[in-house]
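# Commentary on secondary and tertiary structure
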Amino acid sequence: MLEQKLEDRDIKPTAMRLLVLRKLVESGAAISLSDLETKFERADKATLYRTLKTFEDKKLIHSIDDGTGAVKYALCEEGCECEPQDQHIHFHCVGCGETYCLTQSKIPQTNIPSGFKAASASMVYKGTCANCS
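Let us look at the structure shown here. (Residues numbered from 1 in each chain as written. Predicted model: local features only at pLDDT ≥ 70, side-chain atom pairs only at ≥ 80, totals over all residues. Heavy atoms only, no water.)

## Looking at the nonpolar core
Among soluble globular proteins, nonpolar side chains are generally buried collectively. Among the nonpolar cores identified, the biggest contains 18 residues, and Val 20 and Phe 55 are the most heavily contacted of them. At the level of elements, helix 1 (2–8), helix 2 (15–27), helix 3 (33–39) and helix 4 (45–57) are the ones that each hand at least two residues to this core. Element by element, the count of residues in this core is highest for helix 2, at 4 residues. Ignoring any residue separated from it by four or fewer positions in sequence, one finds Phe 55 in contact with Leu 6, Ile 11, Arg 17, Val 20, Leu 21, Leu 24, Leu 60 and Ile 61. (Core = buried A, V, L, I, M, F, W, Y, C linked by side-chain atoms within 4.5 Å. Buried < 20%, exposed > 50% of the residue type's maximum accessible area, 1.4 Å probe, protein only. Helix = DSSP H or I, 4+ residues; strand = E, 2+ residues; numbered from the N terminus. Contact = heavy atoms within 4.5 Å.)

Written as structure tokens, this is what we have:
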């Protein structure tokens, strides 16, 4: 299943890529580069970063700026092309620090002035998650 996910996005399924994808699938929340470093003690930071960038470039994952200063990454939904209309709201828990994708809640469409072209959109709610409430 994991190999097929990579192949569907034209990503060669190397051992490291499969390990990183497995962590993303299992996490249930967005993961930062430093989170991955702690999970893979022997992995090189540059290799992990390149893996995440490859996944992001191939639209397997999306990056999230939740205001914490560390970019986090989460799996995209099936069929996502990371266009503004595909993007959803995120929730950052100020208690535990986790960031969750609220995939059922799309970012509302906004009228962009003539001559402007949106490349991405971001909306983050902050509060406490169900585990911290």
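Continuing now.
## What about the state of the cysteines?
A disulfide bridge is the covalent bond that connects two cysteines by way of their sulfur atoms. Using the criterion set out here, one finds 0 disulfides in the structure. Cys 93 provides the cysteine sulfur closest to Cys 132, a residue in no disulfide bond, and the two sulfurs are 3.6 Å apart. (Disulfide = S-S within 2.5 Å.)

## Here we look at the side chain of Gln 87
With respect to the element layout, Gln 87 can be found in the loop between strand 3 (72–75) and strand 4 (88–93). In this structure the side chain of Gln 87 is engaged in a polar contact, spanning 2.6 Å, whose partner is the backbone nitrogen of Ala 121. Apart from residues lying up to four places away in sequence, Gln 87 is in contact with Cys 82, Lys 106, Ile 107, Ala 119, Ser 120 and Ala 121. (Polar contact = N/O pair within 3.5 Å; in protein donor to acceptor, adjacent residues only side chain to side chain.)

## Considering the sheet that holds strand 3
Read across the sheet, 3 strands follow the order 1-3-2 without closing on themselves; strand pairing throughout is antiparallel. Both outer strands of the open sheet, strand 1 (31–32) and strand 2 (61–64), are each paired with one neighbouring strand and no more. Direction of pairing for strand 1 relative to strand 3: antiparallel, over a ladder of 2 bridges. By the bridge assignment for strand 3, Ser 32 is matched with Lys 72. Sitting on the sheet, helix 2 touches strand 1, strand 2 and strand 3, and the angle it makes with strand 3 is about 85 degrees. Relative to the sheet, helix 4 contacts strand 2 and strand 3, its axis offset from that of strand 2 by approximately 110 degrees. (Pairing = 2+ DSSP bridges. Axes fitted to C-alpha atoms, helices over the stretch in contact; angles between N-to-C directions.)

## So, the environment of Lys 59
Among the secondary structure elements, Lys 59 is positioned in the loop between helix 4 and strand 2. A residue is classified by how much of its surface remains accessible, and Lys 59, at 25% relative accessible area, is partly exposed. C-alpha separation for the pair Lys 59 and Glu 83, spaced 24 residues apart in sequence, amounts to 9.9 Å. Beyond its immediate stretch of four places on either side in the chain, Lys 59 contacts Arg 9, Cys 76, Cys 80, Glu 81 and Cys 82.

## Considering the pairing of strand 4
In terms of burial, strand 4 is a largely internal element, 6 of the 6 residues being buried. In terms of strand pairing, strand 4 meets strand 5 (residues 99–106) through 5 bridges, oriented antiparallel. Looking at the pairing, Phe 91 lines up with Tyr 100 of strand 5. Between the antiparallel neighbours strand 4 and strand 5 lie 5 residues, among them Gly 97 with a positive phi of about 85 degrees.

## Here's the deal with the side chain of Ser 32
By secondary structure assignment, the location of Ser 32 is in strand 1. By relative accessible area, Ser 32 is classed as buried at 3%. At 3.1 Å, the side chain of Ser 32 forms a polar contact with the side chain of Ser 34. Apart from residues lying up to four places away in sequence, Ser 32 is in contact with Ala 70, Val 71 and Lys 72.

So yeah, pure geometry; function would need other evidence.
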